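Residues per chain, in single letters:
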Amino acid sequence: MPETSTKFIHIRGARTHNLRDVSLDIPRDQLVVITGLSGSGKSSLAFDTIYAEGQRKYVESLSAYARQFLGQMIKPDVEQITGLPPTIAIAQQSVRANPRSTVATATELYDFLRLLFARVGQPTCPKCGKAVARQTRAQIVEAILALPGQTKVMILAPLVRNQKGEHKAVLSRIQREGFVRVRIDGELFEAKEAPKLDPAKTHRIDAVVDRIIVKSDVRSRVAESVETSLKVADGLVVVASAAPNDPDRWRDETYSERFACTECDVRLPPLEPRLFSFNSPHGACPECDGLGIVLEFDPAAVVPDPGIPLEAGAIAPWGRSGKGLTPIHAKLLKQFCEAFKVPPGAPYSALSAPLREILLWGTKSGDEQKHGHHFEGVIPNLKRRWAAADSDALKTRLHEFMSQRPCPSCKGARLRPEALAVRIDGRNIDEIAALSIDAAAGVFSSMQFTGADVTIAAPIIREIRQRLQFMIDVGIGYLTLSRSAATLSGGEAQRIRLATQVGSGLVGVCYVLDEPTIGLHQRDNARLIRTLRQLTDLGNTVLVVEHDVEAIAAADWIVDVGPGAGAHGGRILVNGPRAELLASKESITAQYVRGQLAIAMPSERRPVSAKKAIEIKGAAENNLKSIDVRFPLGVFCCVTGVSGSGKSSLVSQVLLPALRRKLSDSREPVGAHRQILGISHIDKVIEIDQSPIGRSPRSNPATYTGVFDLVRQLFAKTREAKVRGYVAQRFSFNVRGGRCEACQGQGTRRIEMHFLPDIFVPCAECKGSRYSPETLEIKYRGKSIADILEMRVEEALAFFEPFANIMQLLTALSDVGLAYIALGQAASTLSGGEAQRVKLAAELGKTAVGHTLYILDEPTTGLHFADIHKLVDVLNRLVAAGHSLVVIEHNLDVIKQADWIIDLGPEGGDAGGRIVAEGPPEEIAANERSYTGQYLKMVLNRSA
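Before going into details, it helps to say that this report is about the structure given with it. (Residues numbered from 1 in each chain as written. Predicted model: local features only at pLDDT ≥ 70, side-chain atom pairs only at ≥ 80, totals over all residues. Heavy atoms only, no water.)

1. Here we look at the sheet that holds strand β1 (residues 8–14)
Quick note on the threshold: Any two strands are treated as partners once DSSP identifies two or more bridges connecting them. Strands are runs of DSSP state E lasting at least two residues, helices are runs of H or I lasting at least four, and both sets are numbered from the N terminus onward. Angular values range over 0 to 180 degrees, each being the angle between N-to-C directions of two axes fitted as lines to C-alpha atoms, with helices fitted over their stretch in contact. Throughout, a contact is declared for two residues whenever any of their heavy atoms are within 4.5 Å.
The antiparallel open sheet is built from 3 strands, whose spatial order is β2-β1-β4. Whereas interior strands pair on both sides, the edge strands pair on one side only; in this sheet they are β2 (22–27) and β4 (78–82). Shown here is a sheet whose adjacent strand axes are inclined to one another by a mean of 5 degrees, direction ignored. In this structure, β1 lies alongside β2, joined through 5 bridges in antiparallel fashion. Across the sheet, the residue bridging to Ile-11 is Leu-24, located in β2. Running over the sheet, helix α1 (residues 42–60) touches β1, β2 and β4 and is turned about 65 degrees from β4.

The structure is reproduced here in structure tokens:
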């Protein structure tokens, strides 16, 4: 491989994190997959070295003035990188936390939609729905002159449109401005002799500007009269005409030079793109400010348990934790009970529907006449307290009883009525945004325009169609355009950014992606790989950190990092085409790709009992089609289906929160369903997700799993600690006493660099150890408490072998494939997959009590084949311990381990939400309707 070639990225002496001074050349303009065990150094090479250096070089190329806004980039630990093009990272992160961001706005598709509606949208009246048009003065004149010759015409200025009143000021104005005649309710009068009007009736008043007979020589007179009317009536003119053959029958035609409904007197603002933006005050719904939701007190949260007696605290916000009602609310409840003859000991569920309404919402005029009493109502009382609250504590307390509801004004559409009244092909912009990407592609492929609109719309429609197709190609066609970006998974967010980059058409760029196949069904992998190929075909380099077999097979070049994780990794085992990977004897990846190593099929399936199950009836959240689902207990249950089929809606938005409400008094919203049965079979439910194990760098695997508590107790029992009177708290870096006070136990100090970015340096006092010198003097087997935090899990296993309670937790960390991480590694540096496995290890390390239902969402995220092998063993251990598992997963090696599969689909979005198949893997594989079954069949045949 020529060292001077401009077709390669040359990396020399990379030592970031666990990379062992590696040097390699990666070809440009090709699809390159970087693979290896979890923790082997893949991300250190791809993101922390290649991408970081590409970004740093770009920033340094800018002027000093520009750099002060962008900040300085720290140089990665690498001697030299040459041949590196500008780099763009497309990582697994939320597109935006902003609640205003949607799929359409994140992909810039919404900008084109706004432009399209502003240029060729057909406005209608927000009140009556009639089409609204506008005409220029010249068009109005031409319309009048086009009437048959000798037609009698009156040009009128409409001043009152169906409004009650005497309208004396309007009639005086007509006389004052020199008009001789006026038409009142269709009848002509001399302006001076206008009759007195009945103020209780609605009236129409038009000033008669001119009366003419259509002839060839009246153009200038007509134009002048039309101009006068438009000026007097603020852009309106009424043309009353009587045909020569029927001179007594007058017909009115109203014209407007603005978008306005001539019947309802509603005027629309000018059609500009900002009118259709919910991020602009010109377009946002005034009630919800363009969010589409409002916070309201939720009756279900206000009365969480209807079976509790009123006086015992059925009204949750009126109570104090474990101390009954507050005095003022006890008095209010007493007044209600006495006024409406309700026993204070009666449960809320025993009240009649009218009394529940009065208790929650207060008395109305009819109620007060019937009962002779006024009662404010719980929710009006809470609203008043919320509005008057001046303390954060009270606001926080009341917020617990509120939930988000669609805005009552815009019904969740986010826009003001005038924007929603503009339509294309009968749909407004919100109705377009409510479509899935697949459905929107169909709508825009068949959209037709006429006249000048064809030329105006063509370039906009072309951009919209291309962007929709890019999103379909990366496998997110099931998402709706209005889906909030904050609700997207990391994989979905990454694929949205990928689609945006494909649409940008950049050339000569190095894209770095982090497992783009995450959350994607095998059926859609091929389309995603084609999209990556599009980027390389344009002349870009695509570096993909990936474990997926199909992605590895499709790569032009493979970099395998290993051979192990942490200190056992960081070497380049393979750097070449697929043939070199297959020939490698040291690479564990190669052994799995060749089939030399494989995750074996279970020897037998656990029996499934229909009686021991949790059953959800009528699940209808998002795209779920009111389905009845049974989750068997005591077994490994897997929920599968193509992306967008409804898996997360069913498990994460219906099952999990419903169980939490019943088992732990949670107030989180529960997805739509009719009933949930069988909860008595379990004692608790635990979700093991990929959220961070802590927001602070102080949080680490040792503190999260509880290992650190045991280690601190061990240090407190040493002879020297007892002599000095040190207790376990002394060895905590979170409290005063034993920690270094210079850095308050952080180990680092932040130095402000003014216009340069802040830098973090080891604390000068403790040298990064976090502890005071006196605390560090306490040693156990020659190691200080700081030394223990620096230990990797595998080192700690050997060090603490005599202590069964510590070993139980450390073994759990090792079993989930985290032997390579340090006990004190900051939570902020752990990946989502690593954080999920730390949580799993914490559960494994506990002594089993009762029956627990564990819920996991794609636990294979970020895992190598070998790590999945370990994960499968761990999951089976949980079930063997008498617990239950519900796992959302796409990985076939995990799915084939399940005792029971619930397969949703058949497609994503609106075409999903149904149960396609249920049963053990063999039955799913035999079901021809199941996409999961089609791929599972191949895996089962290979394993047979």
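2. A closer look at the pairing of strand β9 (residues 187–190)
The side chains of a regular strand alternate, residue by residue, between the two faces of the sheet. Note: strand β8 (residues 181–184) against β9, 4 bridges, orientation antiparallel. Paired with Arg-181 across the two strands is Glu-190, which belongs to β9. Here β8 folds back onto β9, and the loop between the two strands holds 2 residues, one of which, Asp-185, carries a positive phi near 50 degrees.

3. Considering the layout of surface pockets
Let me state the cut-off plainly: Throughout, the protein atoms alone are placed on a 1 Å grid, and a set of points is a cavity if a 1.4 Å probe fits but cannot get out or a pocket if it is open with protein on both sides within 12 Å along at least five of seven lines; lining residues have an atom within 4 Å of a point. Grid points are joined across faces, edges and corners, and a volume is the space filled by probe spheres set on the points. For this classification, Asp, Glu, Lys and Arg are treated as charged, while Ala, Val, Leu, Ile, Met, Phe, Trp, Tyr, Cys and Pro are nonpolar and the rest, including Gly, are polar.
Volume-wise, the second largest pocket comes out at about 970 Å³. Listing elements by their share of the lining of the second largest pocket, those giving two or more residues are α19 (522–537), α20 (549–554), α22 (588–594), α32 (865–880), α33 (892–895) and α35 (931–943). A per-element tally of the lining of the second largest pocket places α35 first, with 5 residues. Within the lining of the second largest pocket, the residues separate by chemical class into 17 nonpolar, 11 polar and 9 charged.

4. Let's talk about the nonpolar core
As a reminder, the rule being used: Put simply, buried Ala, Val, Leu, Ile, Met, Phe, Trp, Tyr and Cys residues joined by side-chain atoms within 4.5 Å make one nonpolar core. Classification of residues uses two cut-offs on accessible area relative to the type maximum, computed with a 1.4 Å probe and protein chains only: under 20% is buried, over 50% is exposed, and between them is partly exposed.
Membership of the largest hydrophobic core comes to 84 residues, with the highest contact counts inside it found for Leu-116, Phe-276, Ile-437, Phe-444, Leu-468, Met-471 and Leu-498. Considering every element that reaches this core, the biggest residue donor is helix α17 (residues 452–473), with 8 residues. Those residues in contact with Leu-498 that lie beyond four places of it in its chain are Ile-90, Val-474, Leu-513, Leu-528, Thr-531, Leu-532 and Leu-535. Judged by nonpolar contacts, the second largest core, of 73 residues, contains Ala-796, Leu-830, Ala-835 and Ile-895.

5. Brief notes about the side chain of Asp-560
Stated formally: In protein, a polar contact requires one atom able to donate a hydrogen and another able to accept it; more generally it is a pair of N or O atoms within 3.5 Å, and residues adjacent in sequence count only if both atoms are side-chain atoms.
By secondary structure assignment, the location of Asp-560 is in strand β22 (residues 557–562). At 2.5 Å, the side chain of Asp-560 and the side chain of Ser-587 are in polar contact. The contacts of Asp-560, once residues within four sequence positions are left out, are Thr-35, Gly-36, Arg-571, Ile-572, Leu-573, Val-574, Leu-581, Ser-587 and Thr-589.

6. Some remarks on the pattern of salt bridges
What counts is decided by this rule: Throughout this description, the term salt bridge denotes a Lys or Arg side-chain nitrogen within 4 Å of a carboxyl oxygen of Asp or Glu.
Applying the stated criterion across every chain, the model contains 45 salt bridges. Of the charged contacts, one joins Arg-137 and Glu-257 as a salt bridge, the two residues approaching to 3.5 Å between their closest N and O atoms. Placement of Arg-137 in helix α5 (residues 137–145) and of Glu-257 in the loop between β12 (251–256) and β13 (260–261) is noted, with a sequence separation of 120 residues between them. We classify Arg-137 as partly exposed; its relative accessible area is 39%.

7. Points about the packing of helix α16 (residues 437–445) against α17
Convention followed: An angle counts as roughly parallel when it lies under 35 degrees, as roughly antiparallel when it exceeds 145, as roughly perpendicular when it falls between 65 and 115, and as oblique in every other case. Handedness of a crossing follows from how the near helix is turned relative to the far one, being left-handed for an anticlockwise turn of less than a right angle and right-handed for a clockwise one.
Running from N to C, α16 and α17 point in directions that differ by 150 degrees, and their axes come no closer than 9 Å. Taken together, the axes of α16 and α17 lie roughly antiparallel to each other. Where α16 crosses over α17, the handedness of that crossing is left-handed. Contacts between α16 and α17 involve Ile-437, Asp-438, Ala-440, Ala-441, Phe-444 and Ser-445 from the first element and Ile-461, Ile-464, Arg-465, Leu-468, Met-471 and Ile-472 from the second. Each residue belonging to the contact of α16 with α17 can be placed in one class, and the counts come to 9 nonpolar, 1 polar and 2 charged.

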